[in-house]
Amino acid sequence: MRKRIIFLLVALLALGAQQAFAQMSDNQIISYITTGVAAGKSESQIASELVAKGVTTSQLQRLMKAYKSGSLGMSEVPEIATKLDGQRTGRRPVSLEEDSGKSVSSTTAADKTAKKASVKKPKKVKRVKSQANSIKVKKELVIDPLTGKPIPEAVTEEEEEEVEDPLYDEDGYKIIYGHNIFSSQSLSFEPNQNLATPEDYVLGPGDEVVIDVWGVNEAMIRQDISPEGRIIISQVGPINLAGLTVKEARGKIKSSLSKIYSSLRNGTSQLSLTLGKVRTVQINVLGEVEAPGTYRLSAFTTVFNAIYRAGGITEIGSLRNVKVIRGGEEFACVDVYEYIFNGKLDNNVALKEGDVINVPPYASLVSIEGFVKRPMFYELRDGESLSALIKYAGGYASGAWQDDVNVERNDGRQNNMFTIKAADIDTFGMKDGDAAYVRGSNITVFTNKVDIKGAVYRPGSFELGGDIQTVSQLVAHAGGTLEDAFLGRAQIVREKQDRSLEIVSVPLKGILDGNVEDIMLKKGDVLVISNVNEIELKGDLSITGYVVNPGKYQFAEHTTLEDLILLAGGLSEGASSAKVDISRRINVPSSTAASDTLAKVYELSIKDGLVEDGAKGFELQPYDVVSVRRSPTYIEQRNVTITGEVTFPGQYTLISTEERVSDLVQRAGGPTPNGNVRGAMLKRKINQYERNVRTAMSKIVTQSASSRDTLDVNKLKVSEIYTVGLELDKALAHPGSDYDIILRDSDELIIPEMASTVRVQGEVLYPNTVHFISGKPVAYYVRQAGGFSHRARRAKTYVIYMNGMVAIGAGAKLEPGCEIVVPGRSDKDKLTTGEWLGIGTTAASITTMIATIASYFK
């Protein structure tokens, strides 16, 4: 879409657009192009139309530059421009023929949109769910074609749900009934151009007349009526037609042509007059419409079509009092409600050249909510009553309380509430700003309903009366009790006269067996039959450890250890069959003293899924916990890696827990001749124990962070992989010694190739890598890096060897591949101004004391 808009702007520039009529705004141009593309028009067609509408070359150049840079986006197109250019939820775009010659008045569409935004009512409320004012809507709603809003119907309390305030849309604007009729996708009110020419149609300048003569003489004449109101026929001369009806014009033309066609006088030839191209008329639409201005429309156009072309009615515009001014006087007063509610088009008058349509603000706007079919705002005329408002709202919805209606009114000083009885709604006059509310009946009490819940086949509500009057009859209609129903005792929850509840015990088994007198039911009774498992709660069984699906399983009687293992998917790899523990709760209801025993534990062994010792078919009890242990000999493979200068680098599996570095090097074929055994490095992954120690140390350091001697917490942060100091040459020379480190899972041994350089970094003038010369001290290599910087801590210089070991001091022995690090002074080493003042004060005091002592001995 963006590319097509840029292409169209370029095409317009190529056409050299010149101002022909009133200039279009930037937003209108972008909106017009967008609408044309959506309607399937070609680029050349849209470009030609815009040129004809007065778009200038300078305006197009500026627009194209802004659009390419991204500073002008489609979000900037005002809402009204979008509305006028076909974005009406499927409304067809306005054609050029209908819109040509339109001029924009001083109040532009963008200005009107800004005005609407400034008075936007920021009201979007959720109605509180309550029986007093909740809005009840069915899940299957009927959509009103005039508003696009659902028409709510009353439903049962169970379906009640919270909905948004029906009086306002999602943007906070009032929903006024009928206002959307002029932006509906299926109502454009366009005049039908295919009808036969009306006999009473009044001809005027711009109309094309088609004159056909047939019979003895034949001729066809097509001419446009000139601005002077006449046509000129050869051998006849000018004929004035303006102001004549089609019927009158036909007689006049026939009389004039009879001068050259005598057959028209004696009837041997006939003449017909029809319209070819219909002229356009200039109409002014003013007042509360979205885009007031001057429009050139078809001569067949009507009031509704003109309002539609002007974008429809604004939020404060009137639908009941649209005025048509003709010749400076009021010609008609149009009530759109007559069309909406009664389908009458009598007052949808045809417009003539120079007519003015004036849409004034509404005189009386009222709202109605609650249990009506179309709750929203409605415009009323003077003298219309509450009953008219209810009629406009579609009438009462089912479940509405129709005995009275509440009306709230603000008289400018205070709010008043009127409760209008049903007999008075025809005479109660509504005023501007009134808010009517129709309540629901809110009847939740049944006169003949009983319920049954719990362990029956068909729980639910039943009618009290007839063959359902007792407990046994209700149970029978519910399909009888389930097998696991607890029959020893059921309950009836009954409402007393004061609406409080009481529980009535029911010996259900005795009633069903016929041994106990049946109990009569009352309205509103709820019979509750419990489940055995609800009465006697059975705890779950738990299984942990080496099974496929450890977890909790529902207890069932006679469940054995083997059954639970099978429910858990069987034993997993590494499970021990020699030791399975079962822990059991101790519960002695008859005990009178506490016990030190916490649980009873059974140790069993299994073979082929069956208990090998202990009681055969060991049965579990509720809350038993089964723990399947890992076999002591089950160990997953532990792998280490050796890389670098060895004969066979790669991954190796540890054979024993005592395997050492020298063993790994030997299994890898030993180091190559170019291998630097002295510089070998061992990388190790941190284990859980080391991770816990690091966490504990970090907490200790953080808690004592106020001490100046506290270890920096950042120094305790070890990554998941760290280096272990290793002297591989000594480990290979003395296998099994302390130099020969025992390997751990995931260790990586790296034997680098021989190096011939020394790296110098840190607080030196030029960190560098220097060629290694045997016997040279640290100071030599520091000089090769430009010497120490002013921040260097020379005494703290240290050497990092390739194997990860560190030596401190300038006298450290250097090796090929090592790294010299010169640390710098931290900001903590600098004295503050207060500390310098303290030192100066102390020095002055000491000097004074020394001078005093010296003078004493003189």
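Above: the structure in question.
Quick summary incoming for the structure in this document. Throughout, a residue's number is its position along its own chain's written sequence, starting from 1. Totals for whole chains, interfaces and linings use every residue, but because this is a predicted model, local features are given only for residues with pLDDT of at least 70 and side-chain atom pairs only at 80 or more, for both listing and counting. To obtain the side-chain values, all non-hydrogen atoms of the structure were included, while hydrogens and water were left out.

Here we come to the pattern of salt bridges. Each salt bridge in this description consists of a side-chain nitrogen of Lys or Arg and a carboxyl oxygen of Asp or Glu lying within 4 Å of one another. A full pass over the atoms with the stated rule returns 25 salt bridges. Ionic pairing is found between R667 and E659, a salt bridge with its closest N-O pair at 2.6 Å. If you follow the salt bridges from partner to partner, you end up with R678, E727, D729, K730 and E815 in one network.

At least two DSSP bridges between two strands are required for those strands to pair. Here a helix means four or more residues in a row that DSSP labels H or I, a strand means two or more in a row labelled E, and each is numbered from the N terminus. Strand order in the open sheet made by the five strands is β37-β36-β40-β38-β39, with mixed pairing throughout. Two strands close off the open sheet at either side, each with one partner strand: β37 (768-771) and β39 (806-808). Here the average twist between neighbouring strands, direction ignored, is 25 degrees. Pairing between strand β38 (residues 798-800) and strand β40 (residues 819-822): three bridges, direction antiparallel. Counted as the bridge partner of Y798 is V821 from β40. Angles here are taken between N-to-C directions and fall from 0 to 180 degrees, while the axes themselves are lines fitted to C-alpha atoms, restricted in helices to the stretch in contact.

Before going further, it helps to examine the environment of E290. Secondary-structure assignment places E290 in the loop between β9 (280-287) and β10 (293-298). The spacing of E290 and Y308 is 18 residues in sequence and 9.6 Å in space, taken between C-alpha atoms.

Here we take up the nonpolar core. Core analysis: the largest hydrophobic core is formed by 82 residues, its most contacted members being F182, L241, V303, I357 and L386. If we skip the residues at most four places from it in the chain, L386 touches V405, V407, I420, I425, F428, M430 and A436. Put simply, buried Ala, Val, Leu, Ile, Met, Phe, Trp, Tyr and Cys residues joined by side-chain atoms within 4.5 Å make one nonpolar core. Here the term buried applies to any residue with accessible area under 20% of the maximum for its type, exposed to any over 50%, and partly exposed to those in between, with areas from a 1.4 Å probe on protein chains only. By definition in these notes, contact holds between two residues if any of their heavy atoms fall within 4.5 Å.

Turning our eyes to something else, we now look at the sheet that holds strand β19 (residues 449-454). Taking strand neighbours across the sheet as the criterion, the five strands line up as β20-β19-β23-β21-β22 in an open arrangement whose pairing is mixed. Taken across any chain shown, the strands that pair with only one partner, and hence form the sheet edges, are β20 (460-463) and β22 (501-506). Within this sheet the neighbouring strands show an average axis-to-axis angle of 25 degrees, counted without direction. As paired elements, strand β21 (residues 490-495) and strand β23 (residues 526-529) share three bridges and run antiparallel to each other. When the sheet's bridge partners are listed, I492 is paired in β23 with L527.

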